[in-house]
Amino acid sequence: MIRVGVLGAKGRVGVEVCKAVHAADDMELVAAIDAGDPIDALSAAEVVVDFTHPDVVMDNLKWCVEHGVHPVVGTTGFDGSRLDTVRGWLADNPGVNALIAPNFGIAAVLMMHFAQQAARFFESVEIIELHHPNKADAPSGTARRTAELVAESRRKAGLAPMPDATTSELPGARGADVDGVRVHGIRLAGLIAHQEVLLGGDGETLTLRHDTMNRSSFTPGVLLGVRRVRDLPGLTVGLEHLLDL
Ligand SMILES: NC(=O)c1ccc[n+]([C@@H]2O[C@H](COP(=O)([O-])OP(=O)(O)OC[C@H]3O[C@@H](n4cnc5c(N)ncnc54)[C@H](O)[C@@H]3O)[C@@H](O)[C@H]2O)c1
Ligand SMILES: O=C(O)C1=N[C@H](C(=O)O)CCC1
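Going along each chain's sequence as written, the residues are numbered from 1 onward. Numbering of ligands from 1 and lettering of chains from A proceed in the order in which they are written. Note on the predicted model: pLDDT of at least 70 is required for a residue's local features to be given, and 80 or more for side-chain atom pairs to be given and counted; whole-chain, interface and lining totals, by contrast, use all residues. Remark: hydrogens and water are excluded; side-chain values derive from all non-hydrogen atoms of the structure.

K.L.:
How would you sum up the overall build of the protein chain? Please name residues and give values.
P.N.:
Numbering goes from the N terminus for both helices and strands, where a helix is a DSSP run of H or I of at least four residues and a strand is a run of E of at least two. A tally of regular secondary structure across the protein chain gives six helices and eleven strands. For the radius of gyration, the atom set is restricted to C-alpha positions; the globular benchmark scales as 2.2 Å times the number of residues to the power 0.38. Its C-alpha atoms give the protein chain a radius of gyration of 19 Å, near enough to 18 Å, the size a compact globule of 245 residues would have. Considering only C-alpha atoms, the protein chain reaches an extent of 55 × 40 × 30 Å along its principal axes. Accessible area is worked out with a 1.4 Å probe on protein chains only. A residue is then buried under 20% of its type maximum, exposed over 50%, and partly exposed in between. Split into buried and exposed, the 245 residues of the protein chain put 49% on the buried side. Two residues qualify as a contact provided that any one of their heavy atoms is within 4.5 Å of a heavy atom in the partner residue. Contacts in the protein chain between residues at least 24 apart in sequence constitute 72% of all its contacts with a sequence separation of at least 6. Surface accessibility in these figures is a Shrake-Rupley result with a 1.4 Å probe; residues are shielded only by whichever protein chains are displayed. Carbon and sulfur atoms provide 52% of the accessible area of the protein chain, an area that totals close to 11800 Å². Measuring between centres, the 22 positive side-chain charges of the protein chain sit 1 Å from its 32 negative side-chain charges. For this count, His and the chain ends are skipped, Lys and Arg are scored as positive, and Asp and Glu as negative. Every charge is mapped onto a representative atom, which is NZ of Lys, CZ of Arg, CG of Asp or CD of Glu.

Quick look at the structure:
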């Protein structure tokens with residue numbers, strides 16, 4: 001049995017993760033804590049799942065790594081500098097591994113993968129991410145990572161910067177620039193999490209769209225991460241590394 005702790009257990013995703021861990025035959029939910037609870041309750045866990053908030057996730061991660069607990073992190077807000085900090089903590093604590101994934105939905109990971117594959121064939125790529133209005137961070141972790149993957153493909157293919165004749169702009173009208181890729185964020189009541197990747201070339205376009213219909217959709221990916229993290233050395237970023245794509 002894998003002894004699992006959950007941070008953010010009362011949150012929208014945390015509740016679903018607790019249910020899924022509880023229902024898994026090979027896991028035991030040994031701690032389910034939320035804001036204000038003592039973090040030491042996680043000492044009994046081998047693996048801790050974090051779905052909390054970008055402002056607190058680094059402190060949680062540091063605690064886990066320093067206490068020999070493998071973190072599986074869904075919380076967003078990670079940039080290159082945060083990831084480097086985590087790599088440093090892991091280097092100081094050999095034997096502890098971490099998995100950080102901006103999206104644990106299998107279809108979302110496939111959408112990101114397909115965008116990465118398609119990017120080298122198109123002059124233009126832009127991303128629209130659409131989320132519920134209670135979301136703290138923008139752009140979404142998924143959109144940020146998709147833009148990085150697209151940019152990497154374009155660089156490898158030696159593509160020129162995307163065509164864009166804009167010279168006069170109301171700030172924000174062209175979205176955020178993530179590694180040279182424009183990302184546009186929508187926050188709308190009624191939504192959960194959605195993304196479109198628009199790719200355009202001479203006389204044709206391709207649109208990849210992903211829709212999250214409920215938050216239990218994240219749990220198969222989270223459970224896969226919990227089962228595998230102990231065998232993934234150091235830091236793994238993205239669930240795609242566990243899917244044999
Ligand atoms: N990777 C993915 O697949 C994925 C999917 C959905 C959401 N997310 C991300 O997960 C995070 C949480 O999303 P949500 O919609 O569940 O948010 P939420 O606000 O519903 O839940 C967060 C929970 O964390 C708790 N919390 C805050 N600080 C804490 C602390 N220090 N210790 C323990 N608990 C603490 C809050 O009280 C709350 O219950 C966000 O960053 C979101 O972007 C990632
Ligand atoms: O609801 C959220 O918040 C989500 N956050 C992740 C992101 O920022 O990409 C994944 C989708 C849902």
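K.L.:
Can you lay out the sheet that holds strand 7 (residues 176-178) for me, pointing to particular residues and giving the numbers?
P.N.:
Each pair of strands is called paired provided DSSP finds at least two bridges between the two strands. As summarised here, the arrangement of the five strands in space is 7-8-6-9-10, forming an open sheet in which the pairing is mixed. If you trace the sheet from one side to the other, it starts and ends with strand 7 and strand 10 (204-212), each paired once. Across the sheet, the axes of successive neighbouring strands diverge by a mean angle of 25 degrees, strand direction being ignored. Across nine bridges, strand 9 (residues 193-201) lies against strand 10 in antiparallel orientation. Bridge pairing in strand 10 places Gly 200 opposite Thr 205. Running over the sheet, helix 4 (residues 106-118) touches strand 9 and strand 10 and is turned about 160 degrees from strand 10. Contacting strand 6 (124-131), strand 7, strand 8 (181-187) and strand 9, helix 5 (residues 141-157) runs over the sheet at an angle of about 170 degrees to strand 6. What counts as an axis is a line fitted to C-alpha atoms, over the stretch in contact for a helix, and the angles between N-to-C directions run from 0 to 180 degrees.

K.L.:
Mind laying out helix 5, listing which residues take part and the relevant values?
P.N.:
Helix length check: helix 5, at 17 residues, gives a terminal C-alpha distance of 24 Å against a target of 24 Å (1.5 Å per residue), a fit within 8%. Within the span of helix 5, buried status applies to Gly 141, Thr 142, Ala 143, Arg 145, Thr 146, Ala 147, Leu 149, Val 150, Ala 151, Ser 153 and Arg 154. Along its buried surface, helix 5 packs onto helix 4, strand 6, strand 7, strand 8, strand 9 and strand 11 (235-237). Trailing helix 5 by a residue or two, Gly 158 shows a phi angle of about 70 degrees, which is positive. Working rule for helices: expected span equals 1.5 Å times residues minus one.

K.L.:
Could you give an account of the pairing of strand 2 (residues 27-33), naming the residues involved and the relevant values?
P.N.:
Relative to strand 2, strand 1 (residues 2-7) runs parallel, the two sharing six bridges. Along strand 2, the bridge assignment pairs Gly 5 with Ala 31.

K.L.:
So what about the site of ligand 1? Which residues, and what values?
P.N.:
One heavy atom suffices: a residue is near a molecule or strand as soon as one of its heavy atoms comes within 4 Å of it. Around ligand 1, a shell composed of 22 residues is seen, among which Arg 12, Asp 34, Thr 76, Phe 104 and Lys 135 lie nearest. Counting of polar contacts relies on pairs of N or O atoms within 3.5 Å, with two restrictions inside protein: one atom must be capable of donating a hydrogen and the other of accepting it, and residues adjacent in sequence are counted only when both atoms are side-chain atoms. Within the backbone of Ala 35, one N or O atom sits 3.1 Å away from a nitrogen atom of ligand 1. Within the contact set of ligand 1, a nitrogen atom lies 3.0 Å away from a backbone nitrogen or oxygen of Pro 102. Surface burial for ligand 1 is 80%, taken as the share of its 860 Å² of free accessible area covered by protein chains. In the shell around ligand 1, the residues fall into ten nonpolar, seven polar and five charged. Note that Gly is not counted as nonpolar here; it falls among the polar residues with everything else outside the nonpolar set of Ala, Val, Leu, Ile, Met, Phe, Trp, Tyr, Cys and Pro and the charged set of Asp, Glu, Lys and Arg.

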